[in-house]
Amino acid sequence: MSDTELIRLKPRRIRVVCWASAIALLVVFSLVATSLTGATGEGYGTFQRGDQLAMVGLGVLGALGILLFTRPRVEADVRGVRVRNVVGSYELPWEVIRGVRFDRGAPWAHLELHDDDLLPMVALQAADKEIAVDGVRALRRLHQAHLSRLGGAPTNH
């Protein structure tokens, strides 16, 4: 491990799904907006240009909400790990990390902390299969290198 090695990880499959879903949602809301013309029924109301713009605006807000799920990232180097999930970000030095876990059946990997907390890393998702496994292995190598520099005994996770 070099002292300048930087690992950057982000989910792959969910990013494709989110972008496709966001575009589809925007198209559907835009099509609905174009169909909002004329009378609202048997009453006196009619659809106005503002109603169409509001429908497109709702589509944009929905698409942005879906794109929040493309936010997760993990960066790691010899100093520590930076985790950005859908909501919340964390920066942890290797000293507080006991191990990197990716349990069978878990939707994503976790950092196991010395205070027995588990910090999810949504960027390393089981849906990404080998890409996620390779990411976990790279994080474990950095963690082991940190333990070696400290002269600590390696742990198995």
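Note that the structure is a prediction, hence the values are computed from the model and not measured.

Draft legend 1. Geometry of the sheet that holds strand β2 (residues 73–76). Here four strands make up an open sheet; going across it, the order is β1-β2-β3-β4 and the pairing antiparallel. The open sheet has two edge strands, β1 (7–9) and β4 (89–93), and neither has a second partner. Each strand axis lies, on average, 10 degrees off the axis of its neighbour in the sheet, ignoring direction. Examined bridge by bridge, β2 and strand β3 (residues 80–84) share four bridges and lie antiparallel to one another. Within the sheet, the bridge partner assigned to V74 lies in β3 and is V83.

Draft legend 2. Representation of the side chain of D77. Relative to the elements of secondary structure, D77 occurs in the loop between β2 and β3. Exposure remark for D77: the relative accessible area of 7% places this residue in the buried category. Of note is the side chain of D77, whose polar atom sits 2.8 Å from the side chain of R79. Setting aside residues no more than four positions away along its own chain, D77 makes contact with E5, L6, R82, W94 and L142.

Draft legend 3. Representation of the environment of V133. Take V133: it is sitting in helix α3 (residues 130–150). We classify V133 as partly exposed; its relative accessible area is 26%. In the structure, V133 is positioned 83 residues away from G50 in sequence and 49 Å away in space, judged by C-alpha atoms.

Draft legend 4. Looking closely at the pattern of salt bridges. In the structure shown here, the tally under the stated rule is eight salt bridges. A salt bridge links E75 to R82, with the shortest nitrogen-to-oxygen separation between them at 3.7 Å. Several salt bridges share partner residues, and in doing so they unite R8, E75, D77, R79 and R82 into one network.

Draft legend 5. Looking closely at the pairing of strand β6 (residues 108–113). Buried residues dominate β6, accounting for five of its six residues. Bridge count for strand β5 (residues 97–101) against β6 is four bridges, and the pairing is antiparallel. Looking across to β6, one finds that G99 is bridged to E112. The antiparallel hairpin formed by β5 and β6 contains six residues in its connecting segment, where G105 sits at a positive phi of about 85 degrees. For β6 and strand β7 (residues 118–125), the ladder comprises five bridges, and the chain directions are antiparallel. Counterpart to W108 in the pairing with β7 is Q125.

Draft legend 6. Layout of unusual backbone geometry. Even without being a glycine, D116 presents a positive backbone phi close to 70 degrees. Within the secondary structure, D116 sits in the loop between β6 and β7. Unlike most non-glycine residues, K129 shows phi in positive territory, near 50 degrees. With respect to the helices, strands and loops of the structure, K129 is situated in the loop between β7 and α3.

Draft legend 7. The packing of helix α1 (residues 13–35) against helix α2 (residues 49–67), seen in detail. Their axes nearest at 8 Å, the elements α1 and α2 cross at an angle of 170 degrees. With respect to α2, the axis of α1 lies roughly antiparallel. Residues C18, W19, S21, A22, L25, L26, F29, S30, V32, A33 and T34 of α1 pack against Q52, M55, V56, L58, G59, V60, G62, A63, I66 and L67 of α2. Of the residues in the contact of α1 with α2, the class split is 15 nonpolar, six polar and no charged.

Draft legend 8. Molecular detail of the pairing of β3. Counting the residues between successive antiparallel strands, the hairpin from β2 to β3 contains three residues. Joining the antiparallel neighbours β3 and β4 is a turn of four residues, in which G88 adopts a positive phi near 100 degrees.

Rules behind the numbers
Residues numbered from 1 in each chain as written. Predicted model: local features only at pLDDT ≥ 70, side-chain atom pairs only at ≥ 80, totals over all residues. Heavy atoms only, no water. Pairing = 2+ DSSP bridges. Helix = DSSP H or I, 4+ residues; strand = E, 2+ residues; numbered from the N terminus. Axes fitted to C-alpha atoms, helices over the stretch in contact; angles between N-to-C directions. Buried < 20%, exposed > 50% of the residue type's maximum accessible area, 1.4 Å probe, protein only. Polar contact = N/O pair within 3.5 Å; in protein donor to acceptor, adjacent residues only side chain to side chain. Contact = heavy atoms within 4.5 Å. Salt bridge = Lys/Arg side-chain N within 4 Å of Asp/Glu carboxyl O. Parallel < 35°, antiparallel > 145°, perpendicular 65-115°, else oblique. Nonpolar A, V, L, I, M, F, W, Y, C, P; charged D, E, K, R; others polar.

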